[in-house]
Amino acid sequence: MFCWKCGQPNDDDALFCSQCGVPLKPSTPATSPSAATVGTRRFAGFWLRFVAHMIDQLVISMVSVVLFLIGLVFSVGGLAAMPDLDDPDPAVLAGLVGGWVIITIILVVAQWLYYALMESSSQQATLGKLALSLRVTDLQGEQISFARATGRHFGKILSGMLLMIGYIMAGFTQNKQALHDLLAGTLVVRGRSNEYSI
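Residues numbered from 1 in each chain as written. Predicted model: local features only at pLDDT ≥ 70, side-chain atom pairs only at ≥ 80, totals over all residues. Heavy atoms only, no water.

1. Remarks on the side chain of Lys129
The cut-off we apply is this: A helix here means a DSSP run of H or I that spans at least four residues, while a strand means a run of E at least two residues long, and both kinds are numbered starting from the N terminus. Exposed residues in this analysis have more than 50% of their type's maximum accessible area, buried residues have under 20%, and partly exposed residues fall in between, with area computed by a 1.4 Å probe over protein chains only.
Relative to the assigned elements, Lys129 resides in helix H4 (residues 127-131). Given a relative accessible area of 8%, Lys129 falls into the buried group.

In structure tokens:
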């Protein structure tokens with residue numbers, strides 16, 4: 001099947017064009033005047049994605065607070081064990097710094113796994129996206145792999161640079177893609193089914 005917009009050849013069962021990402025069914029805007037409207041409504045815009053992100057950050061923050069409190073307890077215990085705070089034991093200080101480094105690494109890994117595992121799962125969404133009936137797909141509307149979800153997650157580092165312009169792009173690009181979506185070849189769509197219409 002050929003894309004009605006850019007002419008790119010696609011698989012017959014593809015839902016979205018692999019080149020430009022527009023919905024392929026119905027195949028031509030002439031046969032269905034509402035095709036563009038339906039296709040536009042399928043993509044999750046900036047504000048929907050922002051709310052989903054805030055829900056996800058709330059979940060991640062709860063885990064962060066627990067780890068922070070554990071680190072704080074060990075830090076206070078370590079400092080209390082020092083007989084002389086004016087001349088601290090280098091081994092104890094190294095242990096305290098090492099403990100905070102480990103907590104930071106755990107948080108980075110946990111956040112990566114939260115996004116990558118959930119968005120590459122059969123649900124195709126984090127808890128925030130599930131709450132708003134959003135899901136992450138590839139350009140054909142299919143479930144993404146763990147590797148692609150990982151690339152999408154770490155692509156957010158670039159999206160966050162330069163005053164979050166990469167995130168803001170989701171409000172202005174044709175398929176509501178942020179920079180990390182463009183890099184990973186993903187879409188965030190509305191609705192929980194793989195069917196074209198919602």
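2. A word on unusual backbone geometry
Peptide bonds are, in most cases, trans, and in most cases residues other than glycine have a negative phi. Its identity is not glycine, yet Leu162 carries a phi of approximately 55°, on the positive side. Note that Leu162 resides in helix H5 (residues 146-168). On the basis of relative accessible area, Leu162 is assigned to the exposed category, the value being 69%. Positive phi outside glycine occurs at Met164, with the angle close to 65°. For Met164, a relative accessible area of 45% corresponds to the partly exposed category.

3. Quick word on helix H3 (residues 90-119)
Quick reminder: α-helices carry 3.6 residues per turn. Residues three or four places apart thus point the same way. Rule in force here: Working rule for helices: expected span equals 1.5 Å times residues minus one.
Along its 30 residues, H3 runs 43 Å from first to last C-alpha, staying within 8% of the 44 Å computed at 1.5 Å per residue. By the burial criterion, the buried members of H3 are Leu96, Ile103, Tyr114, Tyr115, Ala116 and Glu119.

4. Considering the packing of aromatic side chains
Formally: Pairs were defined over the aromatic rings of Phe, Tyr and Trp, the Trp ring being its six-membered one, requiring ring centres within 6.5 Å. Orientation was assigned from the angle between planes: stacked under 30 degrees, edge-to-face over 60, tilted for the rest.
Tallying each qualifying case throughout the model produces 7 aromatic pairs. Judged by centre distance (6.2 Å) and plane angle (20°), the rings of Phe46 and Phe50 are stacked. Of this pair, Phe46 and Phe50 are both found in helix H2 (residues 46-80), 4 residues apart, which corresponds to roughly one turn of the helix. Arranged with centres 6.2 Å apart and planes meeting at 40°, the rings of Trp112 and Phe154 form a pair that is tilted. Of this pair, Trp112 sits in helix H3 while Phe154 sits in helix H5, and the two are 42 residues apart along the sequence. Ring pairing ties together the aromatic residues Phe46, Trp47 and Phe50, which thus form one cluster.

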